[in-house]
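Topology and contacts: notes
Residue-level listing of the chains:
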Amino acid sequence: MLPGSTSAAPPPETSDFNGDGYADLAVGVPDGTVGGAAKAGYVNVVFGGPKGVGKHGSIRISQATAEVPGTPEAGDRFGASVTLADTSGDGIAELLAGVPGEDVTDRGTDAGLVTVVTGAPGGPGPGANVLSGPAASAAYGKSVAAAEMTGDDNLEILIGGTDKVVARVILGEDSVVSTVVAAPMGGRAPILTTGDFDNDGRAELAVGYWTAGDPFTQSHVRVWSWDAGASQLANVWNTDNAGVTALAAGDFNGDGNDDLALGECREIADENIDDPCGPEAVAKGGGIHLHYGDAAAGNWFGTGTETLYQDTAGVPGVAEAGDRFGAALGVADVNRDGRDDLLAGAPGEAIGDRAGAGAVTRLSGSAQGLLDSAGAAKAVAWNQDSANVPGVAEAGDAFGAAAATADYDRNGVPDVTVGSPGENASAGAVWLFPAASANGSTAFHPTSLGLPSPASALKYGKPLSSH
């Protein structure tokens, strides 16, 4: 921690699912076949250990698992969203898995739901359904997150569905479900992240969503905070004309307030008024825009902002159409200097003439943020052709489509995992970068983990979660 800085948001909840003291990784495989049902889906929890993640076994969890309610059916897409979080407060993580294709009795086709599965030594504990969609096509479980938002030490569960985000909030012995936002979202999953942007010890919820022409063009990133007097989440901050694919929260300048990163940020509304990301001609390959948290500002964010692209000084690469820079984001204080670093995936990056091979960039935090006083970044990028990185960059690998961070080997230094769902003809794979370095990096995939590997593509490696 930097001298004079206050303590940032509470430390992340554990992602130790099997109770061995090591962080674990959840990999959603919604396209997986279970019991002969195509795209019934499952989640692969990959265990951490002294050698990191991928060398200590894993467990496959689906609706065919005895402890999990429901039955695997074609198109359920169990694991379309995943989060590991200690919702019970016992030091062992629970798995939250979205099932947006679930048909719910009396509610209709694709009503969707979110399931919670208890972690336990030696295997999963009991599972239960958290919340199901209210009607056909509600598709609850397109996205899911968890955070402590009310100040009572209980985690709230945030669920995205079709054109809606809802929150299950714990109040004493009871829980209530309230709608956070209901608006057209173009059929995409709403983007969710949580962070303590005003440094009050409670998390806020950031939501990104957009449509383009159907029924009208709009793009928003908005923040909600708990209003104790009204007993509901209140919309406290907005930025318009910001179309994003990813959001992440981290204290990139070490001032004790979480900052908000907008990933693959670009103009949707075809106008420059109040547009934080720049027109498409500038952000053609994707970009990242940051709003810096400021408790003293009284509105969660002050005037501090930054925008960077692959054409920004110090950022490896060149901004090219289709790179999708920032399409996946991860956060960790890699060098333990009290300032978070940002991982930015660019799954559309061409490596040589191999389109969509993909890359990931680590951007270092500093006293000024991700850019120094001269407007330059300190960054390093990896792809499958980088030195010491296993594999070969091939067209369509989509390396960098997902990213997660945790200290998987418990050595006190965060590690990075990167998903490549297009690897091996879309069977997919995940790369581990110990201590966020290419040195000693390894890869694991369905075959190496002993998972069923049907001829149909698994797209293993997206989504990823180590909360």
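Worth saying up front: this structure is predicted, and the values here are computed from it rather than measured.

Scanning the chain from terminus to terminus reveals one helix and 28 strands. C-alpha atoms of the chain, sized along the principal axes, occupy 55 × 55 × 45 Å. Every one of the 467 residues in the chain was classed for burial, and the buried ones make up 58%. Of the roughly 16900 Å² of accessible surface on the chain, a fraction of 49% belongs to carbon and sulfur atoms.

Between D214 and the following residue, P215, the backbone shows a cis peptide bond with an omega angle of 0°. Structurally, P215 is set in the loop between β13 (204-211) and β14 (218-227). Despite not being glycine, S426 has its phi angle at roughly 70°, a positive value. Secondary-structure assignment places S426 in helix α1 (residues 423-426).

L25, V46, Y408, F444 and Y460 are the most contacted members of the largest nonpolar core, which has 22 residues in total. Of all the secondary structure elements, the ones that give two or more residues to this core are β1 (25-29), β2 (42-46), β24 (402-406) and β26 (429-433). Residues contacting V46, with those up to four places away along its chain left out, are D24, L25, V27, V53, G54, G57, S58, F444, L449 and Y460.

To continue, consider the sheet that holds strand β20 (residues 328-332). Strand order across the open sheet formed by four strands is β20-β21-β22-β23, with antiparallel pairing between neighbours. Two strands in the sheet have a free side with no partner beyond their single neighbour: β20 and β23 (379-382). On average, each strand axis in the sheet is tilted by 20° relative to the strand beside it, whichever way the strands run. Across five bridges, the pairing between β20 and strand β21 (residues 341-346) is antiparallel. By the bridge assignment, A328 is partnered in β21 with G345.

Moving on, we get to the sheet that holds strand β4 (residues 82-85). Spatially, the four strands line up as an open sheet ordered β4-β5-β6-β7, and their pairing is antiparallel. Each end of this open sheet is capped by a strand with a single partner; those strands are β4 and β7 (127-132). Along the sheet, successive strands turn relative to each other by an average axial angle of 20°, direction set aside. Across six bridges, the pairing between strand β5 (residues 94-99) and strand β6 (residues 113-118) is antiparallel.

Before going further, it helps to spend a moment on the pairing of strand β10 (residues 164-171). Both strand β9 (residues 156-161) and β10 contribute to a ladder of five bridges, which runs antiparallel. Looking across to β10, one finds that G161 is bridged to K164. The turn joining β9 and β10, which pair antiparallel and follow one another in sequence, is formed by two residues; a positive phi near 60° is taken by D163. Pairing analysis gives eight bridges linking β10 to strand β11 (residues 174-182), with the strands arranged antiparallel. Its bridge partner being in β11, V169 is matched across the sheet by V176.

What counts as what
Residues numbered from 1 in each chain as written. Predicted model: local features only at pLDDT ≥ 70, side-chain atom pairs only at ≥ 80, totals over all residues. Heavy atoms only, no water. Helix = DSSP H or I, 4+ residues; strand = E, 2+ residues; numbered from the N terminus. Buried < 20%, exposed > 50% of the residue type's maximum accessible area, 1.4 Å probe, protein only. Areas by Shrake-Rupley, 256 points an atom, 1.4 Å probe, with all protein chains shown as cover. Core = buried A, V, L, I, M, F, W, Y, C linked by side-chain atoms within 4.5 Å. Contact = heavy atoms within 4.5 Å. Pairing = 2+ DSSP bridges. Axes fitted to C-alpha atoms, helices over the stretch in contact; angles between N-to-C directions.

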